[in-house]
Amino acid sequence: MRREASSIILETPEPGSFLIFTDTSGGDADHAIAAAWAAHDKTALPQLSVRDLPLRDGWAQITSYAYRAEEGRTAYARAYREGGDWTVVLYDMDDAIAEKRDSQIEVALGRLLPQGYRRESFAGRQAHRLDATRVQALTDLIETARTDLDIPGVALGLVQDGEVVFQGGFGVREIGRSETVDADTAFMIGSNGKALTTLLLARLVERGLLDWDAPVSSVWPAFRLGDAVTTRQVRVRHLVCACTGLPRQDYPWIFQGDEAQAATVLDWLSEMKPTSDFGELYHTPT
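A few points on the structure.

Calculation notes
- Residues numbered from 1 in each chain as written.
- Predicted model: local features only at pLDDT ≥ 70, side-chain atom pairs only at ≥ 80, totals over all residues.
- Heavy atoms only, no water.
- Helix = DSSP H or I, 4+ residues; strand = E, 2+ residues; numbered from the N terminus.
- Buried < 20%, exposed > 50% of the residue type's maximum accessible area, 1.4 Å probe, protein only.
- Areas by Shrake-Rupley, 256 points an atom, 1.4 Å probe, with all protein chains shown as cover.
- Phe/Tyr/Trp six-rings, centres within 6.5 Å; stacked < 30°, edge-to-face > 60°.
- Disulfide = S-S within 2.5 Å.
- Polar contact = N/O pair within 3.5 Å; in protein donor to acceptor, adjacent residues only side chain to side chain.
- Contact = heavy atoms within 4.5 Å.
- Expected span 1.5 Å × (residues − 1).
- Arc of directions from axis to C-beta.
- Core = buried A, V, L, I, M, F, W, Y, C linked by side-chain atoms within 4.5 Å.
- Patch = residues over 30% accessible without salt bridge, like charges linked within 9 Å, V, L, I, M, F, W, Y side chains within 5 Å.
- Salt bridge = Lys/Arg side-chain N within 4 Å of Asp/Glu carboxyl O.
- Pairing = 2+ DSSP bridges.
- Axes fitted to C-alpha atoms, helices over the stretch in contact; angles between N-to-C directions.

Structural notes on the overall build of the protein
Part 1 of the argument: Tallying secondary structure elements over the protein gives nine helices and nine strands in all.
Part 2 of the argument: Reported as C-alpha extents along the three principal axes, the dimensions of the protein are approximately 55 × 55 × 45 Å.
Part 3 of the argument: When burial is assessed residue by residue, the protein has 29% of its 286 residues classed as buried.
Part 4 of the argument: With an accessible surface of roughly 18,700 Å², the protein has 52% of that area assigned to carbon and sulfur atoms.

Dropping the structure here:
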């Protein structure tokens with residue numbers, strides 16, 4: 001990281017990829033973006049699209065510019081306005097490097113806030129009780145959003161103090177069919193499983209039933225990957241770090257996801273071979 005005048009420049013250890021934050025005043029978003037590129041003696045790539053993003057974190061305007069980069073690279077710019085001042089982000093990175101540095105990039109972008117703005121925090125605040133009125137308001141919101149966004153079906157469970165206070169479904173299981181969604185409808189829940197799995201592992205560690213540094217094969221002897229050396233290196237913490245060297249495995253989920261059971265997934269794992277050394281790269285997980 002280095003500073004130049006009104007800019008902060010973040011460069012990856014690998015050459016040629018950067019993230020620049022720069023401030024400017026006056027004009028519109030186009031002017032702010034052009035000034036940011038010019039300030040760093042860089043010419044913007046051919047422009048593909050411009051669109052306004054949903055407002056968040058106290059910004060009055062967020063405009064995103066996508067550029068036509070060479071194959072294997074991504075380039076974009078974003079202009080954030082507060083009053084008459086702009087903060088511009090210039091992003092130009094090799095895709096492989098960006099995947100490796102994704103967590104650092106997200107930390108930097110996620111902390112970009114207007115001066116003096118503080119995100120709302122619920123720390124130390126007492127949650128409202130989920131009474132019948134609040135449950136009804138929430139389910140009404142979900143049904144409205146489901147309809148507006150053309151989502152066929154949604155299932156929801158609400159747990160309070162260890163007790164289920166609502167479980168049910170909205171809409172249908174499949175477009176063109178009448179079978180409705182209920183509390184027992186199975187869904188592909190996508191990346192929600194990552195946070196849930198990490199939380200459940202942490203609870204087991206908290207209770208002394210697991211150790212983050214225990215070899216997985218010592219906890220569960222049947223655990224195996226397609227590479228014996230990698231299998232021996234995997235600790236409990238590595239189950240959720242995407243750092244073991246195993247690549248993404250999207251196709252099994254795309255073509256067989258509706259048939260997958262726990263045993264099926266373990267069979268897939270037993271055939272997966274690493275494409276990089278252990279701990280060398282962050283592989284975006286499936």
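Next, the rest of the story.
Focus: the packing of aromatic side chains
Part 1 of the argument: Counted by the stated rule, this structure contains five aromatic pairs.
Part 2 of the argument: Summarising the aromatic geometry, the rings of Trp220 and Phe223 are spaced 6.4 Å apart at their centres and angled 40° between planes, so their arrangement reads as tilted.

A closer look at the state of the cysteines
Part 1 of the argument: Enumeration over the complete set of coordinates arrives at one disulfide.
Part 2 of the argument: The side chain of Cys241 participates in a disulfide bridge whose partner is Cys243; the two sulfur atoms lie 1.9 Å from each other. Across the S-S bond of Cys241 and Cys243 the torsion is about -75°, and the bridge reads as left-handed.

Describing the side chain of Asp57
Part 1 of the argument: Tracing the sequence through the fold places Asp57 in the loop between strand 4 (47-52) and strand 5 (61-67).
Part 2 of the argument: One polar contact links Asp57 to Arg119, side chain to side chain, over a distance of 3.0 Å.
Part 3 of the argument: With near-sequence residues (within four places) excluded, Asp57 lies in contact with Leu113, Pro114, Tyr117 and Arg119.

Considering helix 4 (residues 132-148)
Part 1 of the argument: Look at helix 4: 24 Å from first C-alpha to last across 17 residues, which is about the 24 Å you get at 1.5 Å a residue.
Part 2 of the argument: Considered for burial, the residues of helix 4 that qualify are Val135, Thr139, Ile142 and Arg146. Buried residues of helix 4, viewed axially, fall in a sector of 55°; they line one side. Every exposed residue of helix 4 that faces more than 90 degrees away from the buried side is listed here: Thr133, Leu141 and Asp148.
Part 3 of the argument: The inward-facing, buried residues of helix 4 abut strand 8 (153-160) and strand 9 (163-171).

A short note on the nonpolar core
Part 1 of the argument: Grouped together as the largest cluster of nonpolar side chains are 16 residues, with contacts concentrated most on Ile33, Trp37, Tyr67, Ala77, Val88 and Leu90.
Part 2 of the argument: Every element with two or more residues in this core is listed here: strand 3 (18-25), helix 1 (29-39), strand 5, strand 6 (73-82) and strand 7 (85-94).
Part 3 of the argument: Here this core takes five residues from helix 1, the largest share from any one element.
Part 4 of the argument: Within the second largest apolar cluster, 15 residues are counted, among which are Leu19, Leu53, Trp59 and Ile62.

Details of a nonpolar patch on the surface
Part 1 of the argument: On the surface, a nonpolar cluster with roughly 290 Å² of combined accessible area is contributed by Leu196, Leu199 and Leu200.
Part 2 of the argument: You can see Leu196 is positioned in helix 5 (residues 192-206).
Part 3 of the argument: Residue classification places Leu196 among the partly exposed residues on the basis of a relative accessible area of 43%.

Concerning the pairing of strand 6
It is a general feature of regular strands that their side chains alternate between the two faces of the sheet.
Part 1 of the argument: Examined bridge by bridge, strand 5 and strand 6 share six bridges and lie antiparallel to one another. Across the sheet, the residue bridging to Ala66 is Tyr76, located in strand 6.
Part 2 of the argument: Counted between consecutive antiparallel strands, the loop separating strand 5 from strand 6 contains five residues, among which Gly72 sits at a positive phi close to 90°.
Part 3 of the argument: By the bridge criterion, 10 bridges tie strand 6 to strand 7 in an arrangement that is antiparallel. Bridge pairing in strand 7 links Ala77 to Leu90.

Here we look at the sheet that holds strand 4
Part 1 of the argument: The seven strands are arranged 1-2-3-7-6-5-4 in an open sheet whose pairing can be described as antiparallel. For this open sheet the edge positions go to strand 1 (2-4) and strand 4, each flanked by a neighbour on one side alone. Looking at each pair of strands side by side, their axes are set apart by 20° on average, direction ignored.
Part 2 of the argument: Together, strand 2 (7-11), strand 3, strand 6 and strand 7 form the strand contacts of helix 3 (residues 102-110), whose direction differs from that of strand 3 by roughly 10°.

Thoughts on the side chain of Ser17
Part 1 of the argument: One can find Ser17 in the loop between strand 2 and strand 3.
Part 2 of the argument: Assessed through its relative accessible area of 2%, Ser17 is described here as buried.
Part 3 of the argument: Among the polar contacts listed, one links the side chain of Ser17 to the backbone nitrogen of Asp94, at a separation of 3.0 Å.

Structural notes on the pairing of strand 3
Part 1 of the argument: Here strand 3 lies mainly inside the structure; six of its eight residues are buried.
Part 2 of the argument: Hairpin connection from strand 2 to strand 3: six residues lie between these consecutive antiparallel strands, with Gly16 at a positive phi of about 95°.
Part 3 of the argument: Here strand 3 pairs with strand 7 via eight bridges, running antiparallel. Paired with Leu19 across the two strands is Tyr91, which belongs to strand 7.

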